[in-house]
Amino acid sequence: METSVSTLPSSAARQHDTCGIASGQHDPAPQPEPATVQIRPLKREDARALHALVCACPPLDVNSLYAYALLALHHTSTCFVAVRDGQLCGAVTGYVKPSQPDTYFLWQIAIAPNQQGSGLGSALLDHVARYCLQQQNLQFLETTISPGNAASQRLFGRFAQRHQVACQQRPLLSSEELQAVVLPETSLPEQGLPPQELCPPAHEAEDLYRIGPW
């Protein structure tokens, strides 16, 4: 369940693709030789590096190290990482929905800053299509994207076009539903942070994208 892909460093590539990626221009300099990236299932020992990768990819929501460790323990057949020169440089996490066993829900996709624009986001999605959707006989891929995240909208739109399947979109969670309740400062533990940093009150709405059938 491993794939080798060739990628270009960010200095020679267009900046686009996935969550937390800024847009930019083609570098006019000559393109160097592509580097090989290995895509493989998430392992238990990847949890800390995966957590650090997500931290480096705003605006992705950063979850606890424990959450990523559980993914590495329980969902190795549906979560994948990309490794270059021994370093984790990309990841996609997801699971098969218990209520819809024909549907893969993609939770997060993250690309290291020095690999953004290299095509690695598309390679990770194609890996999911091959080893989750096709090999596990699933019919649909679902994910959520905020209305302001044009880069991810393009990434998944191109993914659907590449595989010649439909991509449907509908509102799922409003910003009001995702707004956290900030407790009074006196009720918060002493962690050296103001209440708004311990529990950010704002979160953009999330739209559901349903891609398929395969």
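Structural data are supplied above this passage.
A few points on the structure. (Residues numbered from 1 in each chain as written. Predicted model: local features only at pLDDT ≥ 70, side-chain atom pairs only at ≥ 80, totals over all residues. Heavy atoms only, no water.)

## Examining the overall build of the protein chain
Then, number 1: Helix and strand counts for the protein chain stand at 5 helices and 8 strands.
Then, number 2: Start at the N end of the protein chain and walk to the C end: the helices and strands fall as β-β-α-α-β-β-β-α-β-α-β-α-β.
Then, number 3: Looking at the protein chain as a whole, 43% of its 214 residues are labelled buried.
Then, number 4: Residue pairs at least 24 apart in sequence account for 70% of intrachain contacts in the protein chain once pairs closer than 6 positions are excluded. (Helix = DSSP H or I, 4+ residues; strand = E, 2+ residues; numbered from the N terminus. Buried < 20%, exposed > 50% of the residue type's maximum accessible area, 1.4 Å probe, protein only. Contact = heavy atoms within 4.5 Å.)

## Section: the nonpolar core
Buried together is how nonpolar side chains tend to be arranged in soluble globular proteins.
Then, number 1: Grouped together as the largest cluster of nonpolar side chains are 45 residues, with contacts concentrated most on Tyr104, Leu120, Leu141 and Phe156.
Then, number 2: With 9 residues, helix α3 (residues 120-134) is the single largest residue contributor to this core. (Core = buried A, V, L, I, M, F, W, Y, C linked by side-chain atoms within 4.5 Å.)

## Some points on the packing of aromatic side chains
Then, number 1: Across all of its chains, the model carries 3 aromatic pairs by this definition.
Then, number 2: On the basis of an interplanar angle of 35° and a centroid distance of 5.6 Å, the ring pair of Phe159 and Trp214 is categorised as tilted. You can see Phe159 sitting in helix α4 (residues 150-162) and its partner Trp214 sitting in the segment after β8 (206-212), a full 55 residues away along the chain.
Then, number 3: By relative accessible area, which is 0% here, Phe159 ends up buried.
Then, number 4: What makes Trp214 partly exposed here is its relative accessible area of 24%.
Then, number 5: The side chain of Arg210 reaches across the aromatic face of Phe140, ending 3.7 Å from its centre. (Phe/Tyr/Trp six-rings, centres within 6.5 Å; stacked < 30°, edge-to-face > 60°. Lys NZ or Arg CZ within 6 Å of the ring centre and 35° of its normal.)

## Thoughts on helix α1 (residues 47-55)
Then, number 1: Residues of α1 that are buried: Ala47, Leu50, Leu53 and Val54. Buried residues of α1, seen end-on, are gathered within an arc of 120° and therefore sit on one face of the element.
Then, number 2: Looking at the packing, one finds that the buried side of α1 touches α2 (65-74), β4 (87-96) and β5 (103-111). (Arc of directions from axis to C-beta.)

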